[in-house]
Amino acid sequence: SVVGKLKDIPVLTVSELPDFSKSGGLVEFVMKGSNVSFKINNKDARRVGLSISPQLLEVAAEVLD
């Protein structure tokens, strides 16, 4: 998978695949009713040297730390 190949490179990966953020992806779009929201894998983002803004983390549906 692409996420596996990029897991140690500072690339922001984004998808709507279920459990994408739990599988190493950094941003996962999810539906909450009729609205689009997102989950952020902040733990892996920090590990590869990416910084997610606190404002974005605050409005995320879920943050994996």
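Scroll up a little and you will see the structure.
Here the structure is a predicted model, which means the values were calculated and not measured.

Draft legend 1. Examining the overall build of the chain more closely. For the chain, the count of helices and strands is 3 helices and 4 strands. Sequence-ordered secondary structure for the chain, helices as α and strands as β, is α-β-β-β-α-α-β. What you see for the chain is a C-alpha radius of gyration of 11 Å, in line with the 11 Å of a compact globule of 65 residues. Here the C-alpha coordinates of the chain stretch approximately 35 × 25 × 15 Å along the principal axes.

Draft legend 2. The arrangement of the sheet that holds strand 2 (residues 27-32) in detail. A sheet is described by the order of its strands in space; here 4 strands give the open sequence 1-2-3-4, paired in mixed fashion. Each end of this open sheet is capped by a strand with a single partner; those strands are strand 1 (14-15) and strand 4 (62-64). Inspection of the sheet shows strand 2 paired to strand 3 (residues 35-41) by 6 bridges, in the antiparallel sense. Its bridge partner lying in strand 3, Lys32 is registered against Asn35.

Draft legend 3. Spotlight on the pairing of strand 3. Strand 3 sits mainly inside the fold: 5 of its 7 residues count as buried. Adjacent in sequence and paired antiparallel, strand 2 and strand 3 are bridged by 2 residues, among which Gly33 carries a positive phi angle near 70°.

Cut-offs and rules
Residues numbered from 1 in each chain as written. Predicted model: local features only at pLDDT ≥ 70, side-chain atom pairs only at ≥ 80, totals over all residues. Heavy atoms only, no water. Helix = DSSP H or I, 4+ residues; strand = E, 2+ residues; numbered from the N terminus. Rg over C-alpha atoms; globule rule 2.2 N^0.38 Å. Pairing = 2+ DSSP bridges. Buried < 20%, exposed > 50% of the residue type's maximum accessible area, 1.4 Å probe, protein only.

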